[in-house]
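# Descriptive structure summary
These are the residues of each chain, in order.
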Amino acid sequence: MYREKIVIGEGTDYPLNGILTLPDGNEGPVPAVVMVHGSGSSNMDEKVMKLRPFRDLAEGLARHGIASIRYDKRSFVHARKMLKQCITVKEETIEDAVLAINLLKSDRRIDSDNIYILGHSMGAMLAPRIDAEGGDVKGLIMMAGTPYRLEDIVVRQLRQTGGSRSPIKWLVRIEDRVFSKKFDDLYRMSDEEAKKKKFAGGTTLYYFKEMGRKTASDYLLESGKPVLIMQGGKDFQVLADEDFAKFRELLAERNNTFYKLYPDLDHMFVEALYDDILKASKEYSTERHIGEEVISDIASFIRGDR
């Protein structure tokens with residue numbers, strides 16, 4: 001494979017370093033994916049402790065003849081500058097993903113009619129919106145996404161960590177009540193009111209309101225493009241029996257939607273160790289890599305082997 005350093009948003013206020021990975025010995029234009037991060041600030045490998053899922057995917061897909069772009073997330077590089085704004089996912093994620101897609105479309109080595117968005121976690125939630133708001137790609141690969149709103153997931157995860165086995169369950173339950181109350185009447189607030197109210201740190205309630213007006217499933221139901229929805233069975237951040245199952249229910253009548261469940265994999269699509277949200281730091285501190293089954297399934301979807 002061949003790795004080429006690139007810059008997403010070169011000449012803008014938010015340039016981001018990235019890598020274009022190309023397969024060896026390709027003849028003619030090749031298909032490609034743009035990788036979109038989950039929540040929080042991540043580098044181009046989407047590094048979480050000892051795990052680097054985007055690097056695993058880029059190298060694995062290159063072996064199947066598929067190119068990819070991965071890049072540092074805007075909040076990872078320009079956090080201080082962004083704190084001065086009332087940002088939404090548009091500024092945090094969507095704008096850069098569209099720039100990356102356009103960079104691929106302008107590259108003669110890439111088949112511009114065969115570009116996909118590969119979103120992980122919150123990136124999967126945003127993938128249909130990215131496509132609708134300027135991405136205009138061939139299809140979507142959604143890894144560990146959810147059809148629910150972001151605030152619903154935040155509250156649910158707080159309740160998971162506040163279970164009976166948690167040594168700080170009393171503190172977590174207090175946080176749960178505090179944060180749940182913040183979301184009360186969110187969609188009846190004016191935009192200006194939501195922009196003035198803080199959720200945590202520099203994040204305002206408007207961040208959630210703006211994103212929550214349309215969910216991933218809302219966007220998908222307006223699109224006829226092919227979608228691959230992937231889920232780890234032992235993911236404790238996004239749940240197979242709730243989120244994955246809900247996608248299948250909501251999109252039951254939708255054509256070109258394909259599902260893949262991996263019973264023994266976690267949120268990062270590596271072999272699960274603990275299946276327990278309270279052991280997240282241990283789960284992600286052991287080096288593992290995304291296996292060939294996941295990579296082969298993505299490659300087959302892109303090739304149209306459905």
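Refer to the structure above for everything that follows.
The structure contained in this document is the topic of the report that follows. All figures in this text were calculated on a predicted structure; none of them were measured in a lab.

## With respect to the pattern of salt bridges
For the structure shown, the criterion picks out 24 salt bridges. For the salt bridge of Arg-129 with Glu-133, the shortest nitrogen-to-oxygen distance reads 3.0 Å. A residue pair is termed a helical-turn pair when its members lie 3 or 4 positions apart in one helix, as Arg-129 and Glu-133 do in helix α5 (residues 122–135) at 4 residues. In this structure, the salt-bridge partner of Arg-156 is Glu-242, at a minimum N-O distance of 3.0 Å. Taken together, the residues span a long stretch of sequence, with Arg-156 in helix α6 (residues 150–161) and Glu-242 in helix α11 (residues 240–250) at a distance of 86 residues. For Glu-242, a relative accessible area of 36% puts it in the partly exposed group. It is possible to trace a salt-bridge network through shared partners that takes in Glu-4, Asp-107 and Arg-109.

## Some points on the packing of aromatic side chains
The final tally for this structure, using the stated rule, is 7 aromatic pairs. Here the aromatic rings of Tyr-116 and Phe-301 are separated by 5.7 Å at their centres, their planes lie at 70°, and the arrangement is edge-to-face. A residue pair is termed long-range when its members are at least 10 positions apart, and Tyr-116 in strand β5 (residues 110–120) and Phe-301 in helix α13 (residues 292–303) qualify at 185 residues. Since its relative accessible area comes to 3%, Phe-301 is described here as buried. Plain terms: the ring middles of Phe-183 and Phe-208 are 5.0 Å apart, the flat faces sit at 65° to each other, and that makes the pair edge-to-face. Residue Phe-183 is located in the loop between α7 (169–182) and α8 (191–196), and its partner Phe-208 is located in helix α9 (residues 205–212); the two are separated by 25 residues in the primary sequence. A residue is classified by how much of its surface remains accessible, and Phe-183, at 11% relative accessible area, is buried. Given the relative accessible area of 4%, Phe-208 is considered buried.

## What about the side chain of Asn-43?
Locating Asn-43 in the fold gives a position in the loop between β3 (30–36) and α1 (53–63). Of note is the side chain of Asn-43, whose polar atom sits 3.1 Å from the backbone nitrogen of Lys-47. Those residues in contact with Asn-43, other than ones at most four positions away along the chain, are His-37, Tyr-71, Asp-72 and Phe-76.

## A look at the side chain of Asp-235
Relative to the elements of secondary structure, Asp-235 occurs in the loop between β9 (227–232) and α11. Despite being buried, Asp-235 has no salt bridge partner; Arg-156 is the closest side chain of opposite charge, sitting 7.6 Å away. There is a polar contact of 2.7 Å between the side chain of Asp-235 and the backbone nitrogen of Gln-237.

## With respect to the sheet that holds β5
The strand order β1-β2-β4-β3-β5-β6-β9-β10 describes an open sheet built from 8 strands, whose pairing is mixed. Among the strands making up the open sheet, the edge pair consists of β1 (2–8) and β10 (257–262). On average, each strand axis in the sheet is tilted by 20° relative to the strand beside it, whichever way the strands run. As paired elements, strand β6 (residues 139–143) and β9 share 4 bridges and run parallel to each other. Directly across from Met-142, in β9, lies its bridge partner Ile-229. Sheet contacts for α11: β6, β9 and β10; angle to β10, the most-contacted strand, approximately 165°. Against the sheet, α13 touches β3, β5, β6, β9 and β10, its axis set at about 170° to β9.

## Details of α13
Since the α-helix packs 3.6 residues into each turn, any two residues three or four apart lie on the same face. The end-to-end C-alpha separation of α13 is 16 Å, in line with the 16 Å expected for 12 residues at 1.5 Å each. Restricting attention to buried positions, one finds in α13 the residues Val-294, Ile-295, Ile-298, Ala-299, Ser-300, Phe-301 and Ile-302. Of the surrounding elements, those touching the buried residues of α13 are β3, α1, β5, β6, β9 and β10. Gly-304, located one to two residues past α13, shows a positive phi value of around 90°.

## A few points about the packing of helix α4 (residues 89–105) against α5
Two elements in contact, α4 and α5, have axes separated by 9 Å at closest approach and are oriented at 60°. Overall, the two elements α4 and α5 adopt an arrangement that is oblique. Between α4 and α5 lies a crossing whose hand is right-handed. Each of Val-89, Lys-90, Glu-92, Thr-93, Ile-94, Ala-97, Val-98, Ile-101 and Lys-105 in α4 lies in contact with α5, whose residues at this interface are Met-122, Leu-126, Arg-129, Ile-130, Glu-133, Gly-134 and Gly-135. Here the residues of the contact of α4 with α5 sort into 8 nonpolar, 3 polar and 5 charged.

Rules and cut-offs
Residues numbered from 1 in each chain as written. Predicted model: local features only at pLDDT ≥ 70, side-chain atom pairs only at ≥ 80, totals over all residues. Heavy atoms only, no water. Salt bridge = Lys/Arg side-chain N within 4 Å of Asp/Glu carboxyl O. Helix = DSSP H or I, 4+ residues; strand = E, 2+ residues; numbered from the N terminus. Buried < 20%, exposed > 50% of the residue type's maximum accessible area, 1.4 Å probe, protein only. Phe/Tyr/Trp six-rings, centres within 6.5 Å; stacked < 30°, edge-to-face > 60°. Polar contact = N/O pair within 3.5 Å; in protein donor to acceptor, adjacent residues only side chain to side chain. Contact = heavy atoms within 4.5 Å. Lys, Arg positive; Asp, Glu negative; His and termini not counted. Pairing = 2+ DSSP bridges. Axes fitted to C-alpha atoms, helices over the stretch in contact; angles between N-to-C directions. Expected span 1.5 Å × (residues − 1). Parallel < 35°, antiparallel > 145°, perpendicular 65-115°, else oblique. Left-handed = near helix turned anticlockwise from the far one by under 90°. Nonpolar A, V, L, I, M, F, W, Y, C, P; charged D, E, K, R; others polar.

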